[in-house]
Every structure is written in C-alpha cells, then in structure tokens.
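Listed below are the residues making up each chain.
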Amino acid sequence: MITYDFDLALREATALYQQEQIFLLVDENTRRLCLPELQKTLTIPEQHILCLPAGETNKTLASVQHIWDFLIRQGATRQSLLLILGGGVLTDMGGFAASCFKRGIAYVNIPTTLLAAVDAAAGGKTGFDYQGLKNEIGLFSKAAATIVYPAFFETLPIEQLLSGYAEMLKHALISSPLELVQVLAFDWNAATLDWQRLSEILSRSIDIKNYIVEQDPEEHDLRKTLNFGHTVGHAIESYALQNGEPILHGYAVAYGIVAELYLSVTKFGFPQNYFRQVVSFVTEHYGKPVCPCKDYDRLISLMQHDKKNQSVGEINCTLLRNVGNYQLNQHPTREEVLDALDFLFNQ
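Presented here is an overview of the structure given in this document. (Residues numbered from 1 in each chain as written. Predicted model: local features only at pLDDT ≥ 70, side-chain atom pairs only at ≥ 80, totals over all residues. Heavy atoms only, no water.)

Comments concerning the overall build of the protein
Counting its regular elements, the protein contains 14 helices and nine strands. Relative to a compact globule of 347 residues, whose C-alpha radius of gyration would be 20 Å, the protein shows 20 Å and is just as compact. For the protein, with 347 residues in total, the buried portion stands at 57%. Restricting the contact set of the protein to residue pairs at least 6 apart, pairs at least 24 apart contribute 76%. Total accessible area computed for the protein in this model is approximately 14700 Å², and 49% of it derives from carbon and sulfur atoms. (Helix = DSSP H or I, 4+ residues; strand = E, 2+ residues; numbered from the N terminus. Rg over C-alpha atoms; globule rule 2.2 N^0.38 Å. Buried < 20%, exposed > 50% of the residue type's maximum accessible area, 1.4 Å probe, protein only. Contact = heavy atoms within 4.5 Å. Areas by Shrake-Rupley, 256 points an atom, 1.4 Å probe, with all protein chains shown as cover.)

If you want it as structure tokens, here you go:
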C-alpha cells in the first residue's frame, strides 16, 4: 500500500511481533538514506541489522547465505519478522531467504526505489540470479505487508526513477489506452518533478499489478502478461551483467518493450500510432542500447534459457494485439527475433 504516514504503517505491520524477534535487512545505500526514518518508529539494535552491498552483482546465493547465517547467529525463530528496507535486489533476496528459513518466516517489504515499489516488492516473486541468469532461482511467497512510502523516492537519481517507470509503462500497455496516455504524458523534463502526480500514477500501476496477481498468483495464465518486455529485456540485462557492465533493470525492460512491440506489430498488427509513441518515449528518456551486433547469438541463447520457457530451445514471450489486448505464450522464430533486435539496435 502507498502511505504518507510511515510511522503508522510500520507500527501496524510489526504490531504482532516482539521487538527482540524483529530483524532488519538493508544495503549500504538504504542504511545511510532510509534507516534513520525507520529508526524514528522502531528501535532496532545494531546486532539485529544486516547490511549487504548494493547492486545487481550482489544478487547471489552467497548473499542469501549471509542472510541465513545472520538469522541463525541472532537466534531468529519461526515467530521472527524480517523487515526488508531496500530496492528490488534486496526485496527479492530477502523475501527468498525469509521464505526458506525454518520453512518460512514472515517478511515485510519496504521498497526504497520506484522500481521495487511497482515491481519486485509487489506480487510475491522472490529469488536471486544464478549462473548469469536473472532470477533463475526463486519461489512465490507473499510478503506479510508491503509499505510504499513515496518520500524515499525523492532521494533517488533520475536514472533510478526512470528504471521504475519502465515497469509502469509496461503495466499501462497491458492495461488500457487511458493508462498509456497518462504514463506517456508525465513530464520528466520539468525543472521540478510533480511528485504528487507521479505517486498517483504509481498507485494506479500497483493496483494493476495487484489485480493481475490476485487472479493468478503463481503465473499459470493471466500473470504472464506481466512478462511483456522481459524476454528480450532480461536477455539484454543478463548480457550486460555477464560482460561486467550491468545496466538498470528498467532500462533493459524499456528496450525489451520496444523489441517486443515490434514483434507485436509484425505478428499481430499492433497499432502503429501507439508503437511510434512508445518508441519515441523510450528513445527520449532511456536512449538507445549499445549494439551487440556480433552477439545476437548470445542474446538469443539467453532468451532460450529464460525461466518462462516451456520447451528446450524455444523463445516464449507475451505480445500485444493492441493496448490491453495480450497474446500469451507466443513463440517467435529466430528470424523474427533477429529482425526485432535489428530494429531495436539500429532505429
């Protein structure tokens, strides 16, 4: 939920737990920028706080093991609560660690990035990267609560905000033309961002995701719409990570949206006017991805290893006939994917 009373939301989320059974996970950034606000409400002793390095490169099994070691060392029990104060990397890993520890303890997500608020911290997906593949190991496990406090986002650089906004663009595309118009109309070039308007769009975007997740919590059908843009996007993100030049998740998703909209146009006649508007928006705000022209084979291989695939060697993605009109479990040919990549990298 979005709240402007962080104190009240935090007290309600922790009311059923004894103070000595509350543990906190932060990273080096949220410890400095966000922990002081939390400590105004909850006094958490230093030994109950675990600080991990920030960044996607640390979303590993080793980090998950650090969380388990920490909980064991501090005497956590099945009645313990893990508060996770961080972005998507931390909420994904922390949720996974909590859900496995002693067969599962409760956890509360407190997303500190726009991306985490609209994506990782909502919906109950947890996990970590493995062998260079995004979120290869994970499980579905719903947080006891998610507290979205927009004031935290005001500490973020514009690139981090745009990273989250790419997921909001995706939600609009799978929802309705009205949602898309509102998302595309937000003024990112203003001297001062309209935080109230951004929070309103965020609230609606979270509602869209929550509605989908409630209908299909374990991604058997409808929830696959949330994968739009992610088959190509995750491949680009994994490629960059493997090359030691990681890019923000939302930027990869934005590029994936362009490529998968191109496939939607060529395969299902997705309207050209919406296609041009979205491509223009992505180009203006996210720039163009660096062209790995000699590595298309690697990108396709990464798509073939995506966890959404149902058969060996296939590429599985969600495409659109129109805004809000989705086509699940689509399997574009290698040639069709190469054509979409050519458009993405050479537009």
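Section: the packing of aromatic side chains
Tallied over the entire structure, the rule returns 16 aromatic pairs. With 4.9 Å between their ring centres and 20° between their planes, Phe6 and Tyr149 make a pair best called stacked. Note that Phe6 is positioned in helix 1 (residues 6-14) and Tyr149 in the loop between strand 7 (145-146) and helix 7 (158-173), a separation of 143 residues in sequence. Take Phe6: its relative accessible area is 3%, and that puts it in the buried class. Relative to Trp188, the ring of Phe186 lies with its centre 5.0 Å away and its plane at 70°, an arrangement referred to as edge-to-face. Linked through ring pairs, Tyr165, Phe186, Trp188 and Phe281 together constitute an aromatic cluster. (Phe/Tyr/Trp six-rings, centres within 6.5 Å; stacked < 30°, edge-to-face > 60°.)

None of this, on its own, says anything about what the molecule does.
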